[in-house]
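Structural description and commentary
Given next are the chains, with one letter for each unit.
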Amino acid sequence: MSLGHSARRAVRGAFEKLPDTTRQNLVRRRAEFRGLSQLKANQALLALRLAELEDQARGPRPAREPVPDDRFPASVRSKLCTQAQLSEPWFTQWCEAMGEPPHAHRKTWEFTYVAEVLAELGLLEPGRRGLGFGVGREPLVSAFAARGAEIVATDLASDDREALGWQRSAQHASNVDGMLRPGVCDPEEFRKLVSWRPADMRAIPSDLHGFDFCWSVCALEHLGSLDAGAEFIERSVDTLAPGGIAVHTTEFNVNSNEDTVEVGPTVVYRERDLLALKERLESAGHEVAAFDFDRGDGLLDRYVDVPPYSDEPVLRFLFASYTLTSVAIVVRARRA
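Quick summary incoming for the structure in this document. Note that this is a predicted model, so its numbers are computed, not measured.

Time to look at the packing of aromatic side chains. Here the structure, examined in full by the defined rule, presents 9 aromatic pairs. Taking the centre distance of 6.4 Å and the plane angle of 80 degrees together, the rings of W90 and F91 count as edge-to-face. By way of ring pairs, the aromatic residues W90, F91, W109 and Y113 are connected into one cluster. The ring of F211 carries the charged tip of R129 above its face, separated from the ring centre by 4.2 Å. The aromatic ring of F72 is capped on one face by R332, whose charged end is 4.3 Å from the ring centroid.

As a volume, the second largest pocket reaches approximately 680 Å³. Around the second largest pocket, the lining comprises 30 residues; the ones closest to its centre are R64, K79, A84, Q85 and E88. Of all the secondary-structure elements, those providing two or more residues to the lining of the second largest pocket are α2 (20–58), β1 (78–80), α3 (89–98) and α4 (106–120). Considering only residue class, the lining of the second largest pocket consists of 10 nonpolar, 7 polar and 13 charged.

Moving on, we get to the packing of helix α8 (residues 226–237) against helix α9 (residues 271–283). Packing of α8 against α9 brings their axes to within 11 Å, and their N-to-C directions diverge by 35 degrees. Helix-helix and strand crossings are classified by hand; for α8 and α9 the assignment is right-handed. Between α8, through L226, A230, I233, E234 and V237, and α9, the contact on the second element is made entirely by D273, L277, R280 and L281. Among the residues forming the contact of α8 with α9, the class breakdown is 6 nonpolar, no polar and 3 charged.

Turning our eyes to something else, we now look at α3. W90, F91, W94, C95 and M98 are the residues of α3 that are buried. The buried residues of α3 occupy one face: seen down the axis, they fall within an arc of 135 degrees. Relative to its buried face, α3 has exposed residues pointing more than 90 degrees away, namely P89 and E96.

Okay, a nonpolar patch on the surface next. A surface patch of nonpolar side chains, amounting to about 250 Å² of accessible area, comprises L46, L50 and L53. Relative to the helices and strands, L50 is located in helix α2.

In terms of burial, strand β11 (residues 322–332) is a largely internal element, 11 of the 11 residues being buried. Inspection of the sheet shows β1 paired to β11 by 2 bridges, in the antiparallel sense. Bridging across to β11, K79 finds its partner in A328. Relative to β11, strand β6 (residues 240–253) runs antiparallel, the two being bridged by 9 bridges. Across the sheet, E251 pairs through a bridge with S326, a residue of β11. Pairing of strand β10 (residues 316–319) with β11, which is carried by 3 bridges, proceeds in the antiparallel orientation. Bridge pairing in β11 places L318 opposite T323. What sits between the antiparallel neighbours β10 and β11 is a turn of 2 residues, in which A320 has the positive phi angle 55 degrees.

Counting 53 residues, the largest nonpolar core has F144 and W215 as its most contacted members. By residue number, the principal contributor to this core is α4, which donates 7 residues. Once residues within four sequence positions are removed from consideration, F144 is found in contact with V114, A115, L118, L124, A149, I151, F213 and W215. With 33 residues, the next largest nonpolar core counts L220, L240, A246 and V288 among its residues.

Side chains that are three or four residues apart share a direction in an α-helix, a result of its 3.6 residues per turn. Here α9 contains 13 residues, and its C-alpha end-to-end distance of 18 Å stays within 8% of the 18 Å for a straight helix at 1.5 Å per residue. Burial in α9 covers these residues: D273, L274, L277, K278 and L281. Along the axis of α9, the buried positions cluster into a sector of 140 degrees, meaning they face one direction only. Of the exposed residues in α9, the ones pointing more than 90 degrees away from its buried face are E279 and S283.

So, on to the side chain of T239. Assignment of secondary structure puts T239 in the loop between α8 and β6. A residue is classified by how much of its surface remains accessible, and T239, at 1% relative accessible area, is buried. Separated by 2.6 Å, the side chain of T239 and the backbone oxygen of S236 make a polar contact. Setting aside residues no more than four positions away along its own chain, T239 makes contact with L131, F133, I204, L208, H209, G210, F211 and C214.

Reading guide: rules and limits
- Residues numbered from 1 in each chain as written.
- Predicted model: local features only at pLDDT ≥ 70, side-chain atom pairs only at ≥ 80, totals over all residues.
- Heavy atoms only, no water.
- Phe/Tyr/Trp six-rings, centres within 6.5 Å; stacked < 30°, edge-to-face > 60°.
- Lys NZ or Arg CZ within 6 Å of the ring centre and 35° of its normal.
- 1 Å grid on protein atoms, 1.4 Å probe; cavity = no way out; pocket = protein on both sides within 12 Å on 5 of 7 lines; lining within 4 Å.
- Points joined across faces, edges and corners; volume = space filled by probe spheres on them.
- Helix = DSSP H or I, 4+ residues; strand = E, 2+ residues; numbered from the N terminus.
- Nonpolar A, V, L, I, M, F, W, Y, C, P; charged D, E, K, R; others polar.
- Axes fitted to C-alpha atoms, helices over the stretch in contact; angles between N-to-C directions.
- Left-handed = near helix turned anticlockwise from the far one by under 90°.
- Contact = heavy atoms within 4.5 Å.
- Buried < 20%, exposed > 50% of the residue type's maximum accessible area, 1.4 Å probe, protein only.
- Arc of directions from axis to C-beta.
- Patch = residues over 30% accessible without salt bridge, like charges linked within 9 Å, V, L, I, M, F, W, Y side chains within 5 Å.
- Areas by Shrake-Rupley, 256 points an atom, 1.4 Å probe, with all protein chains shown as cover.
- Salt bridge = Lys/Arg side-chain N within 4 Å of Asp/Glu carboxyl O.
- Pairing = 2+ DSSP bridges.
- Core = buried A, V, L, I, M, F, W, Y, C linked by side-chain atoms within 4.5 Å.
- Expected span 1.5 Å × (residues − 1).
- Polar contact = N/O pair within 3.5 Å; in protein donor to acceptor, adjacent residues only side chain to side chain.

See below:
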């Protein structure tokens with residue numbers, strides 16, 4: 001008998017020993033939760049269909065003038081996730097390259113935008129070296145190796161207490177094979193180009209340096225405070241060769257530039273926090289791609305998911321009393 005089967009039998013036995021009224025209340029609450037989950041699934045389907053109809057009625061969107069910044073290509077900016085970007089060719093192309101469905105989901109946007117920035121800057125090619133932080137089982141490692149880049153992927157050590165939660169949700173990898181996506185990158189080539197090592201984002205090992213690029217996807221907001229996440233971005237730039245590129249995504253507070261979640265398991269950055277970080281980095285001689293804080297005007301830019309969260313569409317979601325989305329921060333290390 002498997003351990004899982006034994007555990008289920010034990011739980012079932014304990015449930016049967018509960019008083020009748022307690023069991024009835026639990027069954028009713030379970031049914032209510034399932035009903036709520038189905039209601040949210042229905043709302044998500046409706047929102048997606050309305051967004052499709054909105055796009056069809058609107059037709060091709062006029063190209064927005066990029067926020068001025070002649071230090072970077074026009075397509076490379078530090079920016080928020082918006083519905084309009086999901087219709088751009090690079091979004092679908094990178095979804096296909098990563099073996100990811102082109103879902104209207106902020107996480108999918110994060111993966112594709114990080115890849116698009118690095119590709120646009122000519123960094124995803126043979127001979128380039130990249131460093132990933134908190135990579136878990138994300139598709140970027142395989143996608144970058146498929147382009148010929150040599151990758152050092154890092155995450156918390158498997159015996160780290162904080163890694164246990166990510167392991168339970170199958171988001172933690174502790175070796176090279178745990179990150180491999182065979183449909184994205186040839187396994188033999190992957191093992192030649194990719195290495196894994198444990199690393200805490202709050203104490204980056206000093207021997208990690210000289211990389212052409214580095215990245216993290218929705219990881220730095222879990223370091224305990226706004227300051228800790230900002231300090232990580234600053235230290236990540238130290239791992240780069242002169243002129244190297246860092247791309248990091250994190251949580252952004254859509255509806256407040258005043259109050260936010262400043263400490264805790266998940267923190268949320270405001271516009272003013274990111275502009276202050278930009279000023280510090282540029283004072284040190286680095287270049288931060290201009291921020292485009294456009295919130296978007298599509299239906300999915302106004303649709304706010306609430307707990308229990310569904311898989312899609314989720315470009316905006318409610319956390320505490322704030323509406324959140326994803327933001328990407330692009331930094332070029334000080335040139336020699």
